[in-house]
Amino acid sequence: MNARFLTRLLTLACMAGAALSAVAQGDYPNKPIRTIIPLAAGSAVDNGARVLLQRMGTDLGQSFVLENIPGSAGLIGAERVAKAAPDGYTVGGFNDSVLTMVPNIYKANWDPLTDFAPISLVGTIEWGLVVKPDSPYQTVADFIKDAKANPGKLNYGSGGSGSPQHLAMAIFAQRTGINLTHVPYKGATPAAVATAAGEVDAAFQGLGTVTSLIAAGKLRLLAVSTPQRLPQYPNVPTVSESGLSDFFFNSWLALVAPKGTPAPIIDRLYSSMRRSLDDAETRRQLVGLGITIRGSTPSEFGSALKDQYALYRKVIQDNNIKAD
């Protein structure tokens, strides 16, 4: 009796698994997909995600409904994704701060390495050092020189303690031997606006956040933190060219799902993302936002996540970066 019951139970489990797989592959998605972005509207990830997900929605025949949940360094929004039903109808559009920086500083109710199913590292968001248009600093060297002459008197804005803006400048200051005052804001966009208004002397920012401000003449791009100059800013030098050899910094536009999301659903989302990145207009818009297309597989993204988490853990510890 027990043996027959066990056999029947196993058979039913296999049938249920097969049915779920069939639904995931054949019927998914059959309703809009909620996309949580634990960052402010207008941030580099938000801008890039909107371009990508509009195309993915067309490809999949269902819209992606974006919900920005900024604040608490992204902890709340990320938790909503981590705790969501693993049915493919909630995904997250994250940057590497949420996944690899914030959990190394703040107490999180989720684990970035185990509570999410990686979909893809869609692209890297290229960065640059920006100042207000009438800033006296014409070059990175000018900024470094003044900072060395006035220790602690120059300040910079960031999206909060442990944000990419914070870490980028902390690494820059460490490499150059300068002492700057950190002014945290509630998100990358407010920090960019504050820089344009002259509330702070400078900021490292993802180009996707500041492209419109640069185009409108409200910010000036001193240098980009890429290995080579960017085609969209051919006259802007790299930080390395400006006297700080081998300085490099970028961030991520990544898609994740709650852990336990069935593999066929992850594969469908990944495949749709890849087809969307093959669309010329989508690529053009993403590149225009300062995003370098990557489109990594879920496995590749999982490996990159582990490596980046360990890297920034060391940077945070070395610079004694604490929560606000």
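Summarised in this report is the structure supplied together with it. All values reported here derive from a predicted model rather than from experimental measurement. (Residues numbered from 1 in each chain as written. Predicted model: local features only at pLDDT ≥ 70, side-chain atom pairs only at ≥ 80, totals over all residues. Heavy atoms only, no water.)

**Comments concerning the pairing of strand 6 (residues 181-184)**
Put simply, the rule reads: Pairing between two strands is assigned when DSSP locates at least 2 bridges connecting them. Strands here are runs of E lasting at least two residues and helices are runs of H or I lasting at least four, both read from the DSSP assignment and numbered beginning at the N terminus. Seen with its strands pointing away from the viewer, a crossover is right-handed when the path leading from the first strand over the helix to the second is clockwise.
Summarising the sheet, strand 5 (residues 155-158) and strand 6 pair through four bridges and their orientation is parallel. Residue pairing for strand 6: Gly157 is matched across the bridge by Val183. Handedness of the crossover joining strand 5 and strand 6 through helix 6 (residues 164-176): right-handed.

**Thoughts on the packing of aromatic side chains**
Rule in force here: Stacked, tilted and edge-to-face are the three classes applied to pairs of Phe, Tyr and Trp rings, where Trp contributes its six-membered ring and a pair requires centres within 6.5 Å; stacked means planes under 30 degrees apart, edge-to-face means over 60, and tilted covers the rest. Think of it in three bands: with a 1.4 Å probe and only protein chains considered, a residue is buried below 20% of the maximum accessible area for its type, exposed above 50%, and partly exposed in between. Two thresholds decide whether a charge sits over a ring: the Lys NZ or Arg CZ must be within 6 Å of the ring centre and within 35 degrees of the ring normal.
Applying the stated criterion across every chain yields a total of eleven aromatic pairs. For the ring pair Tyr28 and Tyr89, a centre distance of 5.2 Å and an interplane angle of 65° mean the geometry is edge-to-face. Here Tyr89 lies in the loop between helix 3 (75-82) and strand 3 (90-94) and Tyr28 lies in the loop between helix 1 (2-26) and strand 1 (33-37), a separation of 61 residues in the sequence. For the pair Tyr28 and Tyr89, one class covers both residues: buried. Taken together, the ring pairs connect Tyr137, Phe143, Phe172, Phe204 and Phe247 into an aromatic cluster. Over the ring of Tyr89 we find Lys31; its NZ or CZ atom is 4.7 Å from the centre of that ring.

**Remarks on helix 11 (residues 298-318)**
Stated precisely, the cut-off is as follows: A helix's residues, less one, multiplied by 1.5 Å, set its expected span. Note that the arc is computed from the directions linking the helix axis to the C-beta atoms. Contacts are residue-level and defined by heavy atoms, with any inter-residue pair within 4.5 Å sufficient.
Taking 1.5 Å of rise per residue, 21 residues should cover 30 Å, and helix 11 covers 30 Å from first to last C-alpha, within 8% of that figure. Those residues of helix 11 that fall on the buried side of the exposure criterion are Pro298, Phe301, Gly302, Leu305, Gln308, Tyr309, Tyr312, Val315 and Ile316. Down the axis of helix 11, the smallest arc covering the buried residues is 150°, so these residues share one side. In helix 11, the exposed positions that point more than 90 degrees away from the buried face belong to Ser299, Lys306, Asp307, Lys314 and Gln317. Tucked inside the fold, the buried residues of helix 11 contact helix 4 (96-101), strand 4 (116-131), helix 6, strand 9 (250-258) and helix 9 (263-277).

**Looking at the layout of surface pockets**
Rules: Lining residues are those with an atom within 4 Å of a point, where the points come from a 1 Å grid over the protein atoms alone and group into cavities, where a 1.4 Å probe fits but cannot get out, or pockets, open sets with protein on both sides within 12 Å along at least five of seven lines. Grid points are joined across faces, edges and corners, and a volume is the space filled by probe spheres set on the points.
Here the largest pocket defines a volume of roughly 440 Å³. Contributing elements (two or more residues each) for the lining of the largest pocket: helix 2 (44-60), helix 4, strand 4 and helix 6. Space inside the second largest pocket adds up to approximately 220 Å³. In this structure, the second largest pocket is lined by Ile171, Gln174, Phe248, Phe249, Asn250, Trp252, Gln308, Leu311, Tyr312, Val315, Asp318 and Asn319.

**Focus on the pattern of salt bridges**
The condition that has to hold: Here, a salt bridge means any Lys or Arg side-chain nitrogen found within 4 Å of an Asp or Glu carboxyl oxygen.
By the definition in use, this model includes ten salt bridges. We note a salt bridge from Asp279 to Arg55, for which the minimum N-O separation is 3.9 Å. Remark: Arg55 occurs in helix 2 and Asp279 occurs in the loop between helix 9 and helix 10 (280-288); sequence separation between them is 224 residues. By relative accessible area, Arg55 is classed as partly exposed at 34%. The partner of Asp59 in a salt bridge is Arg275, with the nearest N and O atoms 2.8 Å apart. Placement of the pair is Asp59 in helix 2 and Arg275 in helix 9, with a sequence separation of 216 residues. Using a relative accessible area of 32% as the deciding quantity, one classes Asp59 as partly exposed.

**A look at the nonpolar core**
The cut-off we apply is this: Side-chain atoms within 4.5 Å are what join buried Ala, Val, Leu, Ile, Met, Phe, Trp, Tyr and Cys residues into a set we call a nonpolar core.
Formed by 84 residues in total, the largest nonpolar core has its most connected members in Phe116, Phe172, Leu180, Phe204 and Leu269. The leading source of residues in this core is strand 4, at nine residues. Residues in contact with Leu269, not counting those within four places in the same chain, are Tyr28, Ile33, Met56, Leu60, Phe64, Val91 and Ile119. Core analysis: the next-biggest nonpolar cluster, separate from the first, contains 13 residues, Leu213, Leu219, Leu230 and Tyr233 among them.

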